[in-house]
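Tertiary structure, described
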Amino acid sequence: MSTDTSAGQAASGAARGEHPTPDRNEGLTADDLRDLAPADQDLRLYRAMAFVRAFEERVETLYKQGQVRGPAHLALGHEAVAVGVGAALGPQDRSIGTYRGHHHALVRGTPPDGMMLELLGRAGGVCGGKGGSMHVLSVEHGYLGSHAIIGAHLPVAAGLGWASQVLGEDRVTACFFGDGATNIGAFHEALNLAAVWHLPVVFVCENNGYMEYTPIETVVPVTYPAADRAAAYGLPAITVDGNDVSAVREVAVAAVATARRGEGPVLVEARTYRHGGHSVADPAAYRPLGEVEAWKARDPLAVHRDAAVARGGDPAVYEAVMPEVREQVAAIARRAQEAPRPDAADAWTDVWSDGSSTWRS
Amino acid sequence: MAELTYREAVAAGLAREMDRDPTVVLIGEDLRAGGVFKTTKGLFERFGPVRVRDTPISEQAIVGAAMGAAMGGLRPVAEIMFSDFYATCWDGVVNEIAKARYMSAGRLTLPLVIRSANGGGIGFGAQHSQATENWAMCVPGLKIACPSTPGDAVGLLAAAVRSDDPVLVFEHKALYGVRGEVPDGDHVVPLGRAGVRRSGADVTLVGLAATVPMCLAAAADLAAAGVEAEVIDLRCLVPLDAATVLESVGRTGRLVVVEENPGQLGWGAAVAALVAEEAFGDLRAPVLRVSGGNVPLPVAKELEAEVSPSAAKVVAAVHRALDHRRVAPVA
Ligand SMILES: Cc1ncc(C[n+]2csc(CCOP(=O)(O)OP(=O)(O)O)c2C)c(N)n1
Ligand SMILES: [Mg+2]
């Protein structure tokens, strides 16, 4: 099976520039979620979630120190969705997500070093300093980007599915979006098109209960903003506890298999919660007292660790994971902080396929 | 060399590209039936449902799916039936398609084309007649081609399909019935190279799409009065062939830009500014623009004509340019 996810995509621009994105990939790699076996899957799923957690905690700290350029929307609390679905994807599959997308990029194998460089606005970032936190991607790992206009990437996911269908390629596309995206037209256009064309796309709603500062239930007349609408387009919809990585993975494996068999798209709505504000800058004072605590009591890492230990996992082994990944992330952050700043002239490249931004003769 | 109508040329150009490259696919509304302007006539029968995809009335899905397909290894040609409808999917065009390469530092390539029927002159009213090419020109990251002849409809489309950059092709509704020669074989008109449709030493007329035949008609009238106009068909707004315009103005010293989009912020303003900045010393008269009116386009013939550019308005502008006497600088 080919691992080339970059069909039609040429490596160019910053990829070939003076400060190439480091291919150093320490901490979390694509292989970490591949070929899970019953004997090791609990620990590997836990470790991947822990790495995402440590990465996001570090970004939060750096942001508060004023070191992150632009906003940062963290996935603290969302780890199980990314890891559970990520573990269901093969190397040839694609995923695409939103500005809250560090976790989705990481689980596909996007180099954490390159991501940290991008977040800190240093040379060699995965977007060459032109994307930032909201637009990280790794084409070669099949993560086709974080998109920051609500809903806009759902039709793009349909198009990726269409391409696999036309080219006869065995690739499923997983498309992540928030509960808030279910009220914009592009969501409905994309679901309808994907359904009527039987496209190999798995739509994954990360329902964290809030669209920015507004509770989703105040703007949606149904219980499940994504799943309840999917029925209207004939899409099979599955709701799942988004804080239970095993449950998410099980549902995702089935959904991906359906899409892979050519039976058309599936929608998964995973109920989860963000531990922090909409972005790091948001203190999230609009949330009712007790709500955060109640959800933190169902922290996806703790939920999974407890289940794993109940299944016979060694508590000491699980205890050792978080300190280890925090060390790794600290080293990644240190390297990024010591990295050079980009050349200002880079701002003038990569508009066109010849690498230039020249619009006139 | 075959003589085709502009609409037949579009269909022929699409067929040529689809024959040449199996990754070229079409997506849009009513394509199977040949399209409302008959620009995809026969393509479904010839290339089948896998490569000619009819969509629901979902412009955001059309544009987004074209983007995804381009990311996934195809060369999609999407159709937005009327260019006015870009307003319903402009997000995908300007926030996604135009920026994907840049925001990914060159890691994403979007070899896609979006075609649409643009412009007025046939009484379709304010929501189906706009010349919207200036909307696109505001956004870095989009190439813009506007054919004025059946030959260019094929040649610019070929260049657009083969380009690794996103290209918006604005076909002009009023030109669909016009006949013209289309070269046989592999006819490609490179993006960003203007065509000099007529040579002349007295004034430079710059037109695009339907204003090119308008400029040629004006030039014929002017010739009868002894004025020789040079007519430049810009062909593309991005890349813009500024060099050809500047060279011509360097010889004629006078420039009239003829644009169909509303003058309050049309592409003619960009051309005029460029010439004012870079060829000021060559100018013997102020740069003049003949533009679409700053009103929504009305339907009744007299009303639409009133606010649209015309050969007569171009002739009048040329006379104003010729009548201009530069005040001698105070010594
Ligand atoms: C079209 C559009 N409208 C508004 C915004 C501003 N905005 C950014 S994130 C957001 C909330 C989205 O909520 P949701 O989809 O639930 O995702 P979450 O942030 O909860 O992950 C809004 C309104 C935007 N980016 N795009
Ligand atoms: Mg939300």
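What you are looking at is a predicted structure, and each value in this text was computed from that prediction instead of being measured. For every chain, the first residue of its written sequence is number 1, and the numbers climb from 1 along that sequence. Here the convention is simple: chains get letters from A, ligands get numbers from 1, in the order in which they are written. Local features are withheld for residues below a pLDDT of 70 in this predicted model, meaning they are given only at 70 or higher, and side-chain atom pairs are given and counted only at 80 or more; totals for whole chains, interfaces and linings count all residues. Excluding hydrogens and water, the side-chain figures rest on all heavy atoms present in the structure.

1. Digging into the site of ligand 1
Residues and elements named next belong to chain A. Neighbouring ligand 1 are 15 residues, the closest being Tyr99, Arg100, Gly180, Asn208 and Tyr210. Two N or O atoms count as a polar contact when they lie within 3.5 Å, although within protein this holds only if one can serve as hydrogen donor and the other as acceptor, and sequence-adjacent residues are included solely when both atoms are side-chain atoms. In the environment of ligand 1, a nitrogen atom lies 3.1 Å from a nitrogen or oxygen atom belonging to the backbone of Ile150. Here ligand 1 has 580 Å² of accessible area as a free molecule, and 74% of this is covered by the chains. Its residues placed into classes, the shell around ligand 1 shows eight nonpolar, four polar and three charged. Here a residue is near a molecule or strand as soon as one of its heavy atoms is found within 4 Å of it. For the area figures, the Shrake-Rupley method with a 1.4 Å probe applies, and any residue is considered shielded solely by the protein chains shown. Side-chain classes are defined by residue name, with Ala, Val, Leu, Ile, Met, Phe, Trp, Tyr, Cys and Pro counting as nonpolar, Asp, Glu, Lys and Arg as charged, and the others, Gly among them, as polar.

2. Quick word on the domain arrangement of chain B
Residue and element names in this part refer to chain B. For the domains described, the bounds stem from an automatic or database domain assignment. Its domain assignment divides chain B into domain 1 (2-182) and domain 2 (195-325). Residue contacts follow a heavy-atom distance rule, with two residues in contact if any of their heavy atoms lie within 4.5 Å. Counting residues at the interface gives 25 residues for domain 1 and 23 residues for domain 2. Together, the buried faces of domain 1 and domain 2 total about 1,900 Å²; carbon and sulfur atoms form 62% of this surface. Salt bridges are counted wherever a side-chain nitrogen of Lys or Arg sits within 4 Å of a carboxyl oxygen of Asp or Glu. Counting across the interface, domain 1 meets domain 2 through two salt bridges. Note: buried area is the sum, over both parts, of the accessible area (probe 1.4 Å) each one loses when the two are combined.

3. Focus on the sheet that holds strand β2 (residues 24-28) of chain B
All names here are of chain B. Here, strands pair whenever DSSP counts at least two bridges between them. The way it works is that DSSP assigns letters per residue, a run of H or I at least four long becomes a helix, a run of E at least two long becomes a strand, and they are numbered from the N terminus. Strand order in the open sheet made by the seven strands is β3-β2-β4-β5-β7-β6-β12, with mixed pairing throughout. A strand with exactly one partner marks an edge of an open sheet, and here the two such strands are β3 (52-54) and β12 (236-238). Strand-to-strand twist across the sheet, computed as the mean angle between neighbouring axes with direction ignored, equals 20 degrees. Here four bridges tie β2 to strand β4 (residues 75-82), and the two strands are oriented parallel to one another. Its bridge partner lying in β4, Ile27 is registered against Ala78. Here helix α7 (residues 150-162) sits on the sheet and contacts β2, β4, β5 (113-118), β6 (143-145), β7 (167-172) and β12; the angle it forms with β5, its principal contact strand, is near 150 degrees. Under this scheme, a helix contributes an axis fitted over its contacting stretch, all axes are lines through C-alpha atoms, and angles between N-to-C directions fall in the 0 to 180 degree range.

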